[in-house]
Amino acid sequence: MLAVPHWARPSAIDHGGIKGFSLLELVIVIILVVVLFLVALDRLLPLRGDAEAAHVATVIGGLRSALGLEAAARVVRDGLPALEQLQGSNPMDYLQEWPDTYIGILDPADSPHVPRGAWYFNRAAGAVGYRVRFPQYLAGKPPDPVHLRWRIELQYEDISGNQRFDADTDRLHGLRLVGLDRHRWPAPAAARAGPQ
């Protein structure tokens, strides 16, 4: 007779008539898991738009800060008229470190080939641009591709009335990085949901 070790012997414990899942119960559990997944996905996907809006705002804030430091240095060194040289220049040149997705200076013809989520400088327009990665989250849902653009512009009192800066007659106040597009992200999802 062959001796069977105790750990290999069938258990004599009564499970009280408990059975496994029936096929119907398994289907119901799968349906519930899918519904919960879809609800979570519906709430999480808009966060991509919020994250992209935060990224763009951070980069533009950095560009504005770097531009302010460069303008201050030029005014101290050469006086207020030195700001005129900054108009239409590449604001990325004043950052200590470019964003990871900055691809450099492009011609207008290269615009359709810009990857989603990339920053670039269009020398012809004198504007820094960003191709929106998830345009479906912009207010108004514009068609893809969407390029947002900003340009360094002088702020002056147009005394001569000719719609351009004349150093001899117009009064220069400073400069700023101006958004050239009307596309905006709506308020973040957390703000839209309201207080809980």
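Residues numbered from 1 in each chain as written. Predicted model: local features only at pLDDT ≥ 70, side-chain atom pairs only at ≥ 80, totals over all residues. Heavy atoms only, no water.

**Some points on the nonpolar core**
Next up, step 1: Ranked by size, the top nonpolar core spans 32 residues in total, and within it Leu 63, Leu 86, Met 92, Trp 119, Trp 150, Leu 175 and Trp 185 carry the most contacts.
Next up, step 2: Looking at this core, the elements with two or more residues in it are α2 (46-78), β2 (119-122), β3 (127-131), β4 (147-157) and β5 (171-179).
Next up, step 3: The greatest single-element share of this core, amounting to eight residues, is contributed by α2. (Core = buried A, V, L, I, M, F, W, Y, C linked by side-chain atoms within 4.5 Å. Buried < 20%, exposed > 50% of the residue type's maximum accessible area, 1.4 Å probe, protein only. Helix = DSSP H or I, 4+ residues; strand = E, 2+ residues; numbered from the N terminus.)

**Some remarks on the packing of helix α1 (residues 23-44) against α2**
Next up, step 1: Running from N to C, α1 and α2 point in directions that differ by 20°, and their axes come no closer than 4 Å. Overall, the two elements α1 and α2 adopt an arrangement that is roughly parallel. Contacts from Leu 41, Asp 42, Arg 43 and Leu 44 in α1 reach Pro 46, Leu 47 and Arg 48 in α2.
Next up, step 2: Of the residues contributing to the contact of α1 with α2, the split by class is four nonpolar, no polar and three charged. (Axes fitted to C-alpha atoms, helices over the stretch in contact; angles between N-to-C directions. Parallel < 35°, antiparallel > 145°, perpendicular 65-115°, else oblique. Contact = heavy atoms within 4.5 Å. Nonpolar A, V, L, I, M, F, W, Y, C, P; charged D, E, K, R; others polar.)

**Side note on the pattern of salt bridges**
Next up, step 1: A full pass over the atoms with the stated rule returns six salt bridges.
Next up, step 2: One salt bridge in this structure joins Arg 77 and Asp 78, with 3.4 Å as the shortest N-O distance.
Next up, step 3: A residue is classified by how much of its surface remains accessible, and Arg 77, at 56% relative accessible area, is exposed.
Next up, step 4: The exposure class of Asp 78 is partly exposed, given its relative accessible area of 49%.
Next up, step 5: Residue Glu 153 is joined to Arg 151 by a salt bridge in which the shortest nitrogen-to-oxygen separation is 3.0 Å.
Next up, step 6: In this structure Glu 153 comes out as partly exposed when scored by relative accessible area, which is 22%.
Next up, step 7: Within this structure, Arg 116, Arg 131 and Asp 144 form a network of salt bridges that share partners. (Salt bridge = Lys/Arg side-chain N within 4 Å of Asp/Glu carboxyl O.)

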